[in-house]
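Understanding the architecture of this molecule
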Amino acid sequence: PVVLTLEDMTGTWSTADNLLIASTKTMKTMKIDDGKQVIAVTTDNPTVMQAFHQKFYLWVLIFPCFLHGLNTLIDEICSFPLMKQIVSKSTHWMKQNCKSQFYALVLQSMSVLAYWSPLSHTCLHPNTQKRTNNQTPVAPVVIATVLHNVWYWKLLNQLVKTVKFLVDAIENLESCEATLADCMLEFIHCAKQISQLKLNAKDDDTGFWMHTKSVFNHQFYAINTDLHSLTLFLHPMCCKLAVTDALKGRPFDFMVKTALAVAKQWWWEEQKAKLLVDYLKAYNLCHAPFSGGHADGLVWWESLAVSTDGHPLKALAITLLSIVPYAADIKRLF
């Protein structure tokens, strides 16, 4: 993602109508106000964008920011009452903005766990418990947590090991070359980690363990949109994976239905849509010219020795695999 222009919306509500006005003004300035060069829009506020889409160019595909979705998933996992108390205690030595930035909170929690021993030695030192040379002592509640609250450290460790794979997924996907298929591969890996998450009856809280599995299973299909599944299917190395029931896959007929919905949104003619279905069937069976594969799905489709005009499936695959499904780069600028 690249910032092409900025629009000052200070004091303006982020409503669909106001976003439409700002977007239209910006695109007119860039001389692309016909919208023909716009394929997709990614946002971290899907509710507003659903309304925005009804007013914007109808052929544009709308995606919620995938990384924001993972961060929100961590938020929901941490909403478990007992774990909320652990997070609240952690903010005594973490930056206050971490209360809403759960990705950063987990990273700093990992750091706190790694430095538990030196923290303990520091809190045992007399100078940390009383004012010395006009230096403020460590807060008593922090000293009590570090030295005496054994359950805090056990639960903090459970929190970290429970959501660390989601943090790893966010880190792995922070690339301008990440695709919708890459997102789903990481998410499927997270599902595998969740399914293998073991409960330590001695040190772990059973309620939080069950809460985590319930939240993840509930949110899997919310994050895994129809277009995410279709794009995973169109990755030549993941075609069979996308329709595997064992990994919450979807049937081939679902892929055809989703592809035709996109074709209709793009106003493809009936003959072109029929060709799309025919080539989807050939691709699903690995028939020529769709045999073989490549680790980079976009490279494979671009190098396929057929034209996009004669093979609409190639045009669809290249378009979907070209979409960067997050807005993290843009947000970092601010």
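Within each chain, residue numbers correspond to sequence positions counted from 1 in written order. Side-chain atom pairs in this predicted model are given and counted only at pLDDT of 80 or more, local residue features only at pLDDT of at least 70, and totals for whole chains, interfaces and linings cover all residues. Note: side-chain values were computed over all heavy atoms of the structure, leaving out hydrogens and water.

**Observations regarding the packing of aromatic side chains**
Geometrically, a pair of aromatic rings is defined through the distance of the ring centres and the angle of the planes. Only Phe, Tyr and Trp rings are paired, with Trp represented by its six-membered ring, and only when their centres lie within 6.5 Å; those with planes under 30 degrees apart are stacked, over 60 edge-to-face, the remainder tilted. The tally for this structure, following the rule as stated, stands at 17 aromatic pairs. Aromatic side chains Phe-216 and Phe-220 sit 6.2 Å apart centroid to centroid with 50° between the ring planes, which places their arrangement in the tilted category. Here Phe-220 and Phe-216 lie together in helix 10 (residues 206–223), a separation of four residues that amounts to about one turn. Exposure class is identical for Phe-216 and Phe-220. Each is buried. Residues Tyr-283 and Phe-290 carry aromatic rings whose centres are separated by 6.1 Å and whose planes lie at 85° to one another, so their mutual orientation is edge-to-face. Members of the aromatic cluster, each reached through a chain of ring pairs, are Phe-233, Phe-252, Tyr-279, Tyr-283, Phe-290, Trp-300 and Trp-301. Where helices and strands are cited, they refer to DSSP runs of H or I of at least four residues and of E of at least two residues respectively, numbered from the N terminus. Using a 1.4 Å probe on the protein chains alone, a residue whose accessible area is under 20% of its type maximum counts as buried, one over 50% counts as exposed, and one in between counts as partly exposed.

**Overview of helix 3 (residues 66–77)**
Helix span, expected: 1.5 Å multiplied by one less than the number of residues in the helix. With 12 residues, helix 3 extends 17 Å between its outermost C-alpha atoms, agreeing within 8% with the 16 Å of an ideal straight helix rising 1.5 Å per residue. Inspection of helix 3 places Phe-66, Leu-67, Gly-69, Leu-70, Asn-71, Leu-73, Ile-74 and Ile-77 among the buried residues, and these make up the whole buried set.

**Re the side chain of Asn-224**
Take Asn-224: it is sitting in the loop between helix 10 and helix 11 (226–233). At 2.8 Å, the side chain of Asn-224 and the side chain of Ser-229 are in polar contact. Contacts are assigned to residue pairs that have any heavy atoms within 4.5 Å of one another. Apart from the residues within four sequence positions on either side, Asn-224 is in contact with Met-184, Phe-187, Ser-229 and Arg-250. Pairs of N or O atoms are called polar contacts if they sit within 3.5 Å, as long as, within protein, a hydrogen donor faces a hydrogen acceptor (for residues adjacent in sequence, only side-chain-to-side-chain pairs).

**Some words on the pairing of strand 2 (residues 61–64)**
By the alternation rule, side chains of strand 2 split into Leu-61 and Phe-63, which are all buried, and Ile-62 and Pro-64, of which none is buried. Any two strands are treated as partners once DSSP identifies two or more bridges connecting them. Pairing between strand 1 (residues 40–43) and strand 2: four bridges, direction parallel. In the strand pairing of strand 2, Thr-42 is matched with Phe-63.

**Brief notes about the environment of Lys-55**
Tracing the backbone through its elements, the reader meets Lys-55 in helix 2 (residues 46–55). If we ignore the near neighbours within four places in the chain, the residues touching Lys-55 are Ala-16, Asp-17 and Leu-20.

**As for unusual backbone geometry**
The omega angle of the peptide bond from Ala-288 to Pro-289 is 5°, so this bond is cis rather than trans. The topology assignment puts Pro-289 in the loop between helix 14 (270–284) and helix 15 (297–303). Of note, Trp-267 is a non-glycine position whose phi angle comes to about 60°, a positive value. Among the secondary structure elements, Trp-267 is positioned in the loop between helix 13 (252–265) and helix 14.

**Considering the nonpolar core**
As used here, the term nonpolar core means buried Ala, Val, Leu, Ile, Met, Phe, Trp, Tyr and Cys residues forming a set that is joined through side-chain atoms within 4.5 Å. Residues Phe-187, Phe-233, Leu-234, Trp-301, Leu-313 and Leu-316 are the most contacted members of the largest nonpolar core, which totals 96 residues. In terms of residue count, the dominant contributor to this core is helix 8 (residues 150–173) (12 residues). Non-local contacts of Trp-301, meaning those with residues more than four positions away in its chain, are made with Leu-234, Pro-236, Tyr-283, Phe-290, Leu-313, Lys-314, Ala-317, Ile-318 and Leu-321.

**A look at helix 1 (residues 16–29)**
With 14 residues, helix 1 extends 20 Å between its outermost C-alpha atoms, agreeing within 8% with the 20 Å of an ideal straight helix rising 1.5 Å per residue. Buried within helix 1 are the following residues: Ala-16, Leu-19, Ala-22, Thr-26 and Met-27. The arc that holds the buried residues of helix 1, viewed along the axis, is 130°, so those residues lie on one side. In this structure, helix 1 carries Ile-21, Lys-28 and Thr-29 as exposed residues pointing more than 90 degrees from its buried face. Two residues or fewer after helix 1 comes Lys-31, characterised by a positive phi angle close to 65°. This arc is taken over the directions from the axis of the helix to the C-beta atoms.

Geometric descriptors of this kind do not, in isolation, establish any biological role.
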